[in-house]
Amino acid sequence: MKLGLAVVAGMAVLFGSGQIAAAADGKAVYDKSCGGCHNAMAPKLGDKAAWGPLAKKGTDALVASVVKGKGAMPPKGGAASSSDADIKAAVEYMVRQAK
Ligand code: HEC
């Protein structure tokens, strides 16, 4: 059990540093942590009508909503191990898809 926890912690460290290197890969973060909801429900990926007004709020405001959670969306979309930079990359990816 202790060993198992150490392995999990080690992976988290590895994964964490990998995430910093890949922080700009919004699509990867989106596919892993956000698509489960946003491929199917509003604001849906690529839905210009839904994202137009959101994009106007600005990326920082959207990132702040995601980090805190909003309505049915849990904080960080439930991906608690994501860094704020990952969330930002995912939000930027989502906003780009609706342009
Ligand atoms: C459990 C389902 C779920 C997951 C997972 C999820 N979202 Fe959401 N998201 C929602 C729902 C529902 C809303 C609408 C919230 C509202 O307006 O009440 C929302 C709203 C948003 C908004 C608009 C926020 C605003 O200020 O109006 C953004 C941006 C967003 N999500 C990005 C993300 C990102 C990025 C991820 C992955 C890190 C993610 N979501 C994961 C369900 C989810």
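Relevant structure appears above.
Okay, so let's go over this structure. Note that this is a predicted model, so its numbers are computed, not measured.

Let's shift gears to the coordination of the iron atom of the ligand. The coordination sphere of the iron atom of the ligand, as far as protein atoms go, consists of His38 (NE2) and Met73 (SD), spread over 1.9 to 2.1 Å. Around the iron atom of the ligand sit six donor atoms, and with donor-metal-donor angles ranging over 85 to 179 degrees the site reads as octahedral. One end of the pair, His38, is in helix H2 (residues 26-38); the other, Met73, is in the loop between helix H4 (59-68) and helix H5 (84-97), with 35 residues separating them in the sequence. You can call His38 buried: its relative accessible area is 11%.

Time to look at the packing of aromatic side chains. The geometry of two aromatic rings is summed up by the distance between their centres and the angle between their planes. Throughout the structure, instances matching the rule amount to one aromatic pair. Ring centres of Tyr30 and Tyr93 lie 5.4 Å apart, and the angle between their planes is 50 degrees; on these two criteria the pair is classed as tilted. Taken as a pair, Tyr30 in helix H2 and Tyr93 in helix H5 lie far apart in primary sequence, 63 residues in all.

This part is about the site of the ligand. Taken together, 24 residues lie near the ligand, and Cys34, Cys37, His38, Ser65 and Met73 sit nearest. In this structure, an oxygen atom belonging to the ligand sits 2.9 Å away from a side-chain N or O atom of Lys70. Listed by contribution, the elements that provide at least two residues to the shell around the ligand are H2, helix H3 (48-57), H4 and H5. For the shell around the ligand, the per-class residue count stands at 16 nonpolar, five polar and three charged.

Criteria and thresholds
- Residues numbered from 1 in each chain as written.
- Predicted model: local features only at pLDDT ≥ 70, side-chain atom pairs only at ≥ 80, totals over all residues.
- Heavy atoms only, no water.
- Donors = N, O, S within 2.8 Å, 3.2 Å for Na, K, Ca; no water.
- Tetrahedral: all angles 85-135°; square planar, octahedral: opposite > 155°, others 65-115°.
- Helix = DSSP H or I, 4+ residues; strand = E, 2+ residues; numbered from the N terminus.
- Buried < 20%, exposed > 50% of the residue type's maximum accessible area, 1.4 Å probe, protein only.
- Phe/Tyr/Trp six-rings, centres within 6.5 Å; stacked < 30°, edge-to-face > 60°.
- Near = heavy atom within 4 Å.
- Polar contact = N/O pair within 3.5 Å; in protein donor to acceptor, adjacent residues only side chain to side chain.
- Nonpolar A, V, L, I, M, F, W, Y, C, P; charged D, E, K, R; others polar.

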